[in-house]
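Structural description and commentary
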Amino acid sequence: MKKIWIIIAVALVVTACQETLEERCEREAKEYTEKHCPTPIAKDIVMDSMTFDKATHTITYAYTLSGQLDDSAVVNGSNSRELLLQEVKNSTNLKLYKEAGYSFRYIYHSQKKKGTQLLDATFREKDYR
(Lines give C-alpha, C1' and ligand atoms only; values in the text may rest on other atoms or scores of the structure.)
Protein backbone atom coordinates (compact mmCIF):
# COMPACT_ATOMS: atom_id res chain seq x y z
CA MET A 1 0.00 0.00 0.00
CA LYS A 2 2.87 2.37 0.77
CA LYS A 3 4.23 1.90 -2.80
CA ILE A 4 0.91 2.98 -4.29
CA TRP A 5 0.92 6.22 -2.28
CA ILE A 6 4.48 6.94 -3.35
CA ILE A 7 3.55 6.35 -7.01
CA ILE A 8 0.50 8.61 -6.67
CA ALA A 9 2.56 11.33 -4.97
CA VAL A 10 5.23 11.19 -7.68
CA ALA A 11 2.57 11.30 -10.40
CA LEU A 12 0.96 14.35 -8.80
CA VAL A 13 4.29 16.15 -8.52
CA VAL A 14 5.21 15.37 -12.13
CA THR A 15 1.80 16.50 -13.36
CA ALA A 16 1.90 19.69 -11.30
CA CYS A 17 5.35 20.60 -12.64
CA GLN A 18 4.43 20.36 -16.30
CA GLU A 19 4.20 23.69 -18.04
CA THR A 20 1.66 24.64 -20.66
CA LEU A 21 2.69 25.25 -24.25
CA GLU A 22 2.23 28.98 -23.64
CA GLU A 23 4.50 28.88 -20.59
CA ARG A 24 7.07 26.83 -22.47
CA CYS A 25 7.07 29.20 -25.43
CA GLU A 26 7.37 32.25 -23.20
CA ARG A 27 10.23 30.66 -21.22
CA GLU A 28 12.11 29.48 -24.32
CA ALA A 29 11.82 32.87 -26.03
CA LYS A 30 13.13 34.65 -22.93
CA GLU A 31 15.97 32.15 -22.46
CA TYR A 32 16.98 32.33 -26.11
CA THR A 33 17.10 36.12 -26.03
CA GLU A 34 19.09 36.21 -22.80
CA LYS A 35 21.61 33.58 -23.94
CA HIS A 36 22.01 34.32 -27.64
CA CYS A 37 20.95 37.84 -28.54
CA PRO A 38 22.14 39.87 -30.21
CA THR A 39 23.49 37.21 -32.59
CA PRO A 40 24.51 37.33 -36.24
CA ILE A 41 22.20 35.23 -38.40
CA ALA A 42 23.73 35.94 -41.79
CA LYS A 43 25.73 38.68 -43.44
CA ASP A 44 24.16 42.03 -42.48
CA ILE A 45 21.44 40.38 -40.32
CA VAL A 46 21.49 40.34 -36.50
CA MET A 47 18.78 38.78 -34.38
CA ASP A 48 17.99 41.16 -31.51
CA SER A 49 15.32 39.24 -29.62
CA MET A 50 12.58 36.65 -29.57
CA THR A 51 9.42 37.29 -27.56
CA PHE A 52 6.06 35.63 -27.03
CA ASP A 53 2.71 37.36 -26.57
CA LYS A 54 0.34 35.06 -24.65
CA ALA A 55 -2.72 37.15 -25.51
CA THR A 56 -2.29 36.74 -29.27
CA HIS A 57 -0.19 33.55 -29.30
CA THR A 58 2.41 35.35 -31.39
CA ILE A 59 6.12 34.59 -31.45
CA THR A 60 8.01 37.70 -32.52
CA TYR A 61 11.50 37.73 -33.96
CA ALA A 62 13.24 41.12 -34.06
CA TYR A 63 16.22 41.74 -36.31
CA THR A 64 18.53 44.59 -37.29
CA LEU A 65 19.68 44.90 -40.88
CA SER A 66 22.90 46.59 -41.95
CA GLY A 67 24.97 47.05 -45.09
CA GLN A 68 23.20 46.55 -48.40
CA LEU A 69 20.13 45.06 -46.70
CA ASP A 70 19.60 48.22 -44.64
CA ASP A 71 17.30 49.76 -47.24
CA SER A 72 13.48 49.63 -47.25
CA ALA A 73 13.43 49.49 -51.06
CA VAL A 74 15.63 46.38 -51.01
CA VAL A 75 13.68 44.70 -48.21
CA ASN A 76 10.23 45.44 -49.60
CA GLY A 77 11.14 44.88 -53.23
CA SER A 78 12.67 41.44 -52.84
CA ASN A 79 9.63 39.26 -52.07
CA SER A 80 10.66 39.25 -48.40
CA ARG A 81 7.19 38.45 -47.12
CA GLU A 82 6.83 35.48 -49.45
CA LEU A 83 10.28 34.18 -48.52
CA LEU A 84 9.51 34.51 -44.81
CA LEU A 85 6.19 32.73 -45.26
CA GLN A 86 7.95 29.85 -47.04
CA GLU A 87 10.39 29.65 -44.11
CA VAL A 88 7.48 29.38 -41.68
CA LYS A 89 5.74 26.75 -43.80
CA ASN A 90 8.91 24.66 -44.16
CA SER A 91 10.30 25.02 -40.64
CA THR A 92 10.30 21.82 -38.63
CA ASN A 93 11.44 23.81 -35.56
CA LEU A 94 8.08 25.58 -35.51
CA LYS A 95 5.98 22.42 -35.97
CA LEU A 96 4.64 22.29 -32.41
CA TYR A 97 3.66 25.95 -32.50
CA LYS A 98 2.13 25.73 -35.97
CA GLU A 99 0.04 22.75 -34.82
CA ALA A 100 -1.21 24.94 -31.95
CA GLY A 101 -2.14 27.70 -34.41
CA TYR A 102 0.40 30.26 -33.18
CA SER A 103 1.29 33.33 -35.24
CA PHE A 104 4.82 34.33 -36.24
CA ARG A 105 5.90 37.95 -36.54
CA TYR A 106 9.13 39.19 -38.09
CA ILE A 107 10.30 42.75 -37.51
CA TYR A 108 13.34 44.18 -39.27
CA HIS A 109 14.94 47.44 -38.13
CA SER A 110 17.53 49.66 -39.76
CA GLN A 111 20.95 49.91 -38.18
CA LYS A 112 21.83 53.22 -39.84
CA LYS A 113 18.45 54.85 -39.11
CA LYS A 114 17.82 53.87 -35.49
CA GLY A 115 14.15 53.32 -34.74
CA THR A 116 13.21 52.87 -38.40
CA GLN A 117 11.26 49.73 -39.15
CA LEU A 118 12.03 48.30 -42.58
CA LEU A 119 9.59 45.38 -42.51
CA ASP A 120 6.90 44.03 -40.19
CA ALA A 121 5.31 40.78 -41.32
CA THR A 122 2.94 38.57 -39.32
CA PHE A 123 1.85 35.12 -40.46
CA ARG A 124 -1.22 33.53 -38.94
CA GLU A 125 -2.47 29.97 -39.15
CA LYS A 126 -4.54 30.74 -42.26
CA ASP A 127 -1.35 31.92 -43.99
CA TYR A 128 0.88 28.91 -43.37
CA ARG A 129 -1.64 26.03 -43.51
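Residues numbered from 1 in each chain as written. Predicted model: local features only at pLDDT ≥ 70, side-chain atom pairs only at ≥ 80, totals over all residues. Heavy atoms only, no water.

**Details of the overall build of the protein**
When helices and strands are tallied, the protein shows six helices and five strands. A burial count over the protein gives 32% of its 129 residues as buried. The contacts in the protein between residues at least 6 apart in sequence include a share of 49% that link residues at least 24 apart. Looking at the protein as shown, the accessible area adds up to about 8800 Å², and 55% of this sits on carbon and sulfur atoms. (Helix = DSSP H or I, 4+ residues; strand = E, 2+ residues; numbered from the N terminus. Buried < 20%, exposed > 50% of the residue type's maximum accessible area, 1.4 Å probe, protein only. Contact = heavy atoms within 4.5 Å. Areas by Shrake-Rupley, 256 points an atom, 1.4 Å probe, with all protein chains shown as cover.)

**As for the pairing of strand 5 (residues 117-123)**
Direction of pairing for strand 4 (residues 103-110) relative to strand 5: antiparallel, over a ladder of six bridges. Paired with Tyr108 across the bridge in strand 5 is Leu119. If you look at the hairpin formed by strand 4 and strand 5, you'll find six residues sitting between the two strands, and Gly115 has a positive phi there, around 90°. (Pairing = 2+ DSSP bridges.)

**Looking at helix 4 (residues 80-90)**
Here helix 4 has its buried residues at Ser80, Leu84, Leu85 and Val88. Each buried residue of helix 4 lies within a common arc of 130° when the element is viewed along its axis, so the set occupies one face. Away from its buried face, by an angle of more than 90 degrees, helix 4 presents the exposed residues Leu83 and Asn90. In this structure, the buried side of helix 4 is in contact with helix 3 (72-76), helix 5 (95-99), strand 4, strand 5 and helix 6 (125-128). (Arc of directions from axis to C-beta.)

**Concerning the layout of surface pockets**
Approximately 750 Å³ is the volume found for the largest pocket. Lining the largest pocket we find 27 residues, and of these Tyr61, Tyr63, Leu84, Tyr106 and Tyr108 sit closest to its centre. Those elements giving two or more residues to the lining of the largest pocket turn out to be helix 2 (21-36), strand 2 (45-53), strand 3 (58-65), helix 3, helix 4 and strand 4. Looking at which element gives the most residues to the lining of the largest pocket, the answer is helix 4, with five residues. Of the residues that constitute the lining of the largest pocket, the class distribution is 21 nonpolar, four polar and two charged. (1 Å grid on protein atoms, 1.4 Å probe; cavity = no way out; pocket = protein on both sides within 12 Å on 5 of 7 lines; lining within 4 Å. Points joined across faces, edges and corners; volume = space filled by probe spheres on them. Nonpolar A, V, L, I, M, F, W, Y, C, P; charged D, E, K, R; others polar.)

**Some remarks on the packing of aromatic side chains**
Scanning the model with the defined rule gives six aromatic pairs in all. A ring pair is formed by Tyr63 and Tyr108, whose centres lie 4.8 Å apart and whose planes are at 10°; its orientation type is stacked. Highlighted residues: Tyr63 in strand 3 and Tyr108 in strand 4, separated in sequence by 45 residues. Both residues of the pair, Tyr63 and Tyr108, count as buried. What links up through ring pairs into an aromatic cluster is the set Phe52, Tyr97 and Tyr102. (Phe/Tyr/Trp six-rings, centres within 6.5 Å; stacked < 30°, edge-to-face > 60°.)

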